[in-house]
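Report on the structure
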Amino acid sequence: MYQGLTMLVIPLIFAIFSATWGLFMNYQFANYDWESETQVVKQSMSAVIGMLGSLLIAVILGSVPVFLNDSGYAIYTTSIVVLLLGASYIMFKLLLKKRL
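We now turn to the structure provided with this report.

The next point concerns the nonpolar core. Core analysis: the largest hydrophobic core is formed by twelve residues, namely Ile-13, Phe-14, Phe-17, Trp-21, Phe-24, Met-25, Leu-61, Tyr-76, Ile-80, Leu-84, Met-91 and Leu-95. If you list the elements that add at least two residues to this core, you get helix H1 (2-28) and helix H4 (70-99). At six residues, the largest contribution of residues to this core is made by H1. The contacts of Leu-84, once residues within four sequence positions are left out, are Ile-13, Phe-14, Phe-17 and Leu-61.

Structural data, given as C-alpha cells:
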C-alpha cells in the first residue's frame, strides 16, 4: 500500500519541484537582450541549469534506493517528499518576495 502511494506522490511532488526550480533559475539568470524567441528558450543559461539541475537531482534521488533495504525505503521516501516540498516552498516564497 505504501509503495503504491509513493509511486503516485513522488512524481507529483517532483513535478512541482521541477517547475518551481525552473522558474527560480529563470528568474536568477534572466536574459532580456535576445533577438529571437529561440535564444530565450533553447540557448539561455537558465534553461540549461533548469533542465540539467532537475535531471541531476532526479538521478541522485532515484539511485539511492538501490542501496537501501526494505526498512530504509519508507524513511527515505518520506524524507524525499518532505525535502522536495520544503525546497519548493522556499523557492516559491523567494520568487514571491522578489516579485513584489
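Moving on to the side chain of Thr-77. Here Thr-77 is to be found in helix H4. In this structure Thr-77 comes out as buried when scored by relative accessible area, which is 3%. Setting aside residues up to four positions removed in sequence, Thr-77 forms contacts with Tyr-2, Thr-6 and Ile-10.

Before going further, it helps to spend a moment on the packing of H1 against helix H3 (residues 45-63). Contact geometry of H1 with H3 gives a least axis separation of 8 Å together with a crossing angle of 150°. The angle between H1 and H3 falls in the class roughly antiparallel. For H1 against H3, the interelement crossing comes out right-handed. Here H1 contributes Phe-14, Phe-17, Ser-18, Trp-21, Met-25 and Asn-26 to the contact with H3, which in turn contributes Ser-46, Ile-49, Gly-50, Gly-53, Ser-54, Ile-57 and Ala-58. A class-by-class count of the residues in the contact of H1 with H3 yields seven nonpolar, six polar and no charged.

Turning next to the packing of aromatic side chains. Within this structure, the stated rule accounts for two aromatic pairs. Ring geometry for Phe-14 against Phe-17: centres 5.9 Å apart, planes inclined by 40°, an arrangement best described as tilted. Residue Phe-14 and its partner Phe-17 are located together in helix H1, separated by three residues, close to a single helical turn. On the basis of relative accessible area, Phe-14 is assigned to the buried category, the value being 18%. Judged by its relative accessible area of 4%, Phe-17 falls in the buried class. Centroid distance Phe-17 to Trp-21: 6.1 Å. Interplanar angle 25°. Geometry classified as stacked. With Phe-17 and Trp-21 both in helix H1, this residue pair falls four residues apart, about one helical turn. Members of the aromatic cluster, each reached through a chain of ring pairs, are Phe-14, Phe-17 and Trp-21.

Calculation notes
Residues numbered from 1 in each chain as written. Predicted model: local features only at pLDDT ≥ 70, side-chain atom pairs only at ≥ 80, totals over all residues. Heavy atoms only, no water. Core = buried A, V, L, I, M, F, W, Y, C linked by side-chain atoms within 4.5 Å. Buried < 20%, exposed > 50% of the residue type's maximum accessible area, 1.4 Å probe, protein only. Helix = DSSP H or I, 4+ residues; strand = E, 2+ residues; numbered from the N terminus. Contact = heavy atoms within 4.5 Å. Axes fitted to C-alpha atoms, helices over the stretch in contact; angles between N-to-C directions. Parallel < 35°, antiparallel > 145°, perpendicular 65-115°, else oblique. Left-handed = near helix turned anticlockwise from the far one by under 90°. Nonpolar A, V, L, I, M, F, W, Y, C, P; charged D, E, K, R; others polar. Phe/Tyr/Trp six-rings, centres within 6.5 Å; stacked < 30°, edge-to-face > 60°.

Coordinates in, geometry out; function isn't part of it.
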